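Take a look at the letters that make up each chain.
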Amino acid sequence: MNRALAVAALMGCAAFGASGTLHAQARGPVSNESRASTKQAEGPAPLMDEAARARKITEMETWLGRLPGLYRVEATRTWRDSFAARDETHEHNGTANCSRIGAGPGVRCIIRLIHLPPVVPPHVKLSPHLTSVTWSNLVRPLPVLYFGINADTLEIQAAMVDLEQVSARSGMLEGNAVSFSADRWNICHRGWTVCWTVREVTAAAPEEIFMKIAMDAMFAGPGKAVTKSGHSQDTELHLHREPASQGKKSGSMPRNYEGQDWREAHRTILEVFDLFKSRYGGANIKELSDDIGREELDLILRQTLDVAEEMNQRYVPKGQYMVQTFDMVPRRQPADSRLHCQWVYDGRSNTFSVFLYQDAAAAPKRDMADNNVIRKL
Amino acid sequence: MHRQFRVLILTLTSMLSCPVLAAGFTCAQPASTVADSPKASQLDQLEDVVVDGSRPTSRTRDLGAWLKRMEGQYRYEDHVDLCGRGNAADQRPVTGDADCFGLYVDSGDRFPRSLYCVVRVRWTRVLGENGIPVMGGDPDLLPAVLVYGVNSGLPGIQLMQIDSHGLATQALGTLTGDTLTTKGSCGTGTSCQKVARITARSDSTDIAMLIDFEIGSRRALRQAFLLHRVSNVRTMQEYWGNKSDSFAERLLSRAWVDLQSVGER
């Protein structure tokens, strides 16, 4: 059935409240009274005819459709060094997994950045007003991001879920970019520790996504150090789509892990192994074992991850730390790309990281030369 | 095994509903009414909440205490009423689950300021005559993200939802007794208004929800959900309770993993 017929049919069904499903709901009101009432309910909704409104909804759906996928992330975080009176910028790498919310155009993004200390230069002294918790805010993970369509205001709605609170912003899609501004939800409270704001998302093509996210520290204390932009911290994220991830259900890939719980790292690695075993004929651990069994891998993981922190402590008195890296690849690679799992224990930050990369077949290999490296602190 | 059984039932349900889809859905005549049941009476009590004489509260503490009752993992049951008139023939049973995670601003807080839920609610897809969509006939909470927030600048609890159709809606709710009543747009760009009544009692592990979609003064659709708590999950409050040492740092790291896994745990 063509869309015009469907809309006409819906209008005919208005007596039964038939406003339809995804597209029918999103692409047009079922009666002429809708615009006036929408303005009252939602504020300044633009006056548009039905066709223009439907086009706008379609544009937003198309734009959101560019987001799902697995990405390699290059990020810069800028924050104010109040002692040196200048903005400090640090670069991070990471991964992003953006997936659809069900069958519709809504999207959830989980972005994980690797924080390599020192995030703060050694000459910077912590204010006594900064507790360890607020200190960790400077390097805290990015919130979970959600995007959807507000069909009343014809805006892209963003929500950011942090450990402490939810913030929200909305903005009109202009070209390939959405500049978000405060909506009625988003008021940063003084009682909050931090307030996140998504400022801009540009998705010109499915391969390249750009995001600007700001964080404001709301803790009480001496004057807040803010960057030139007026925020406590600015993060710019360049998301580069991993080849072959476009169009695939990104949620089907195992999660990456980054944190200080070796058991979580252990579990994640076994998830990746299970994927390799079920779909790609098994797994090889570089320098250790070809076609490794699950029990053997489990034992190796317990003998390395479980004791990594303890081993690292032996080097610390000498001003050194340990970096332990392992590479695992499937026995049979996909036709159009190359999977590579790498897990790392970094003694400097006492962090375990597990990443599953999906590289182009011709991309440089990721294998590390040595499993154990001792570095100077 | 239980999961496989549920899948089998859902598959059979879908197959049995095929003749209904072919014929097209129309609202039943008023004669067909819902049989009395304990569930029905529990949900029916929600109808009376707004007129029981209690006054809405705007105290942050009360609002947070109510949100805390919603923490946990739940199983959905009951029905959607595609015509909103209470006729059994118009109702479709639902199944599903919810995973709700409380967000705490500080370790000193006993109650969360926000609640983050991922829900999955299934019912058999229903189409009208000639395959025309019927309001509420296509499951739109499969999944959906719901966030509740206490905003000290506003008198109640804010609610935002992004559903599986990609539609984002916001509403403001007032808490009266154990029941939060929210009113907001249906998100369809029409004059439709969504009124939700959610009751979470301190002495119960069940949550009752009545969600009415109203066009003018007429109820066009009702979603009646009963949520049964199936497990408690670790809350942020427990993570915060151990802050200021390295152990706490690990727990916080774990907390982030938990946060990112909501709806998939």
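Note that the structure is predicted; figures quoted are calculated from it, not measured.

With that settled, the discussion passes to helix 4 (residues 60–69) of chain B. Residues spaced three or four apart along an α-helix face the same direction, because each turn holds 3.6 residues. Residue and element names in this part refer to chain B. Inspection of helix 4 places L63, G64, W66 and L67 among the buried residues, and these make up the whole buried set. Relative to the axis of helix 4, the buried residues are bounded by an arc of 160° and lie together on one face. Lining the buried residues of helix 4 we find strand 4 (114–122), strand 5 (144–150), strand 6 (157–162), strand 7 (168–176), strand 8 (179–185) and strand 9 (193–200).

This brings us to the nonpolar core. Within the largest apolar cluster, 44 residues are counted, with the highest numbers of intra-cluster contacts made by W66(B), M70(B), V119(B), Y148(B), M209(B) and F225(B). Ranked by size, the runner-up nonpolar core spans 38 residues in total, among them L67(A), C109(A), V198(A) and V201(A).

All names here are of chain B. Evaluation of the coordinates by the stated rule reveals four disulfides over all chains. Here C100 pairs with C117 through a disulfide, and the sulfurs are 2.2 Å apart. Because the sign of the S-S torsion sets the handedness, a value of about 115° for the bond joining C100 and C117 places this disulfide among the right-handed ones. Of this pair, C100 sits in strand 3 (residues 95–103) while C117 sits in strand 4, and the two are 17 residues apart along the sequence. With relative accessibility at 2%, the residue C117 sits in the buried group. Among the cysteines of chain B that take part in disulfides, numbered as they appear in the sequence, the pairing is 1-2, 3-4, 5-6.

Next up on the list: unusual backbone geometry. Looking along the chain, the bond that leaves L142(B) and enters P143(B) is cis, with omega of -5°. Not every positive phi belongs to a glycine, and D291(A) is a case in point at roughly 50°. If you trace the backbone, D291(A) turns up in the loop between strand 14 (283–285) and helix 7 (294–315).

In this section: the confidence of the model for chain A. All names here are of chain A. The pLDDT averaged across chain A works out to 74; a share of 69% of its residues lies at or above 70. For the stretch residues 116–137, pLDDT sits under 50, and the model shows 36 contacts to residues farther than four places along the chain or on other chains. Low pLDDT, under 50, characterises residues 246–254; the predicted model gives this stretch 20 contacts beyond four residues in sequence or across chains.

Conventions and cut-offs
Residues numbered from 1 in each chain as written. Chains lettered and ligands numbered in written order. Predicted model: local features only at pLDDT ≥ 70, side-chain atom pairs only at ≥ 80, totals over all residues. Heavy atoms only, no water. Buried < 20%, exposed > 50% of the residue type's maximum accessible area, 1.4 Å probe, protein only. Helix = DSSP H or I, 4+ residues; strand = E, 2+ residues; numbered from the N terminus. Arc of directions from axis to C-beta. Contact = heavy atoms within 4.5 Å. Core = buried A, V, L, I, M, F, W, Y, C linked by side-chain atoms within 4.5 Å. Disulfide = S-S within 2.5 Å. pLDDT = per-residue confidence, 0-100.

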